[in-house]
Amino acid sequence: MKLFIIALFLVCLTSCSDEQQQRDRKIRDVLSWSATAEMVLDARTEMLVSNSFAILTIERCAKEIGSLSKELPTFPENLAALAGRLNMITGSAHRELINGRTDGLSRYVRDLRSVESELRAKSGAAD
C-alpha cells in the first residue's frame, strides 16, 4: 500500500511539473509573437518594411497570440487576460496598418512592451 501511495505521489509531481513546463512554454511563445509584432511595427514606423508585409505579419502575430491566450490559466495570475490584451493591441495595430495609418504605431509598441513586462512579472518568465 505504501508503495502505491508513493508511486501515485510521484506521478502527481511529474504531472504538475509537465503542466508548469507547458504553461512556461506557452508564455514564452506569447512573448515571442509579441516581440515579433514590436519589431515589425518599429520597422514599419521607420518605413523599413512594406505595409503589406507588416499587415500579414501583425495579422499572424495576433492570430497566434489569440490562440495561445485561450490556453493560459485564468487563475491565480490571470495570464490569459494579459495575453488577451496583447492580442487586442496587435489587432488594433493591424487595423491601423490596413487603413494606411502609421503615425500611431509607436504607441502600440509602447503598449506591447508594457503588457509584456506585466506578463513577465506575473508569470515569473525570464527576460
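Before reading on, note that the structure itself is shown above.
Residues numbered from 1 in each chain as written. Predicted model: local features only at pLDDT ≥ 70, side-chain atom pairs only at ≥ 80, totals over all residues. Heavy atoms only, no water.

1. Some details on the overall build of the protein
What counts, and what does not: Numbering of helices and strands runs from the N terminus; a helix is a DSSP stretch of H or I covering at least four residues, while a strand is a stretch of E covering at least two. Under the scheme applied here, a residue whose accessible area is under 20% of the maximum for its type counts as buried, over 50% as exposed, and between as partly exposed, the area being computed with a 1.4 Å probe on protein chains only. Two residues qualify as a contact provided that any one of their heavy atoms is within 4.5 Å of a heavy atom in the partner residue. Here the accessible surface of atoms and residues is derived via Shrake-Rupley with a 1.4 Å probe, and residues count as covered only by protein chains that are part of the display.
Of regular secondary structure, the protein possesses four helices and zero strands. Counting helices and strands in the order they occur from the N terminus, the protein gives α-α-α-α. For the protein, with 127 residues in total, the buried portion stands at 35%. The contacts in the protein between residues at least 6 apart in sequence include a share of 70% that link residues at least 24 apart. Roughly 7700 Å² of accessible area belongs to the protein as shown, and the carbon and sulfur atoms make up 58% of that amount.

2. Remarks on the side chain of T102
Summarising the element assignment, T102 is placed in the loop between α3 (79-98) and α4 (105-123). Judged by relative accessible area, T102 falls into the buried class, the value being 17%. Apart from the residues within four sequence positions on either side, T102 is in contact with R44 and M47.

3. A word on the nonpolar core
For clarity, the threshold we go by: Among buried residues, those of type Ala, Val, Leu, Ile, Met, Phe, Trp, Tyr and Cys that are joined through side-chain atoms within 4.5 Å constitute a nonpolar core.
Formed by 27 residues in total, the largest nonpolar core has its most connected members in V30, L41, L72, L86, L97 and L119. Of all the elements in the fold, those that place two or more residues in this core are α1 (2-45), α2 (51-69), α3 and α4. For this core, the leading source of residues is α3, giving eight residues. Those residues in contact with V30 that lie beyond four places of it in its chain are I65, L68, L72, A83, L86 and L119.

4. Re the packing of aromatic side chains
Selection rule: Between 30 and 60 degrees the pair is tilted, below 30 it is stacked and above 60 it is edge-to-face, where a pair is any two Phe, Tyr or Trp rings, Trp via its six-membered ring, whose centres lie within 6.5 Å. Geometrically, a charge over a ring is one whose NZ (Lys) or CZ (Arg) sits within 6 Å of the ring centre while staying within 35 degrees of the ring normal.
Evaluated as defined, the whole model comprises zero aromatic pairs. Positioned over the ring face of Y108 is R107, at 4.5 Å from the centre of the ring.

From the geometry alone we can't say anything about function, so treat these as descriptive.
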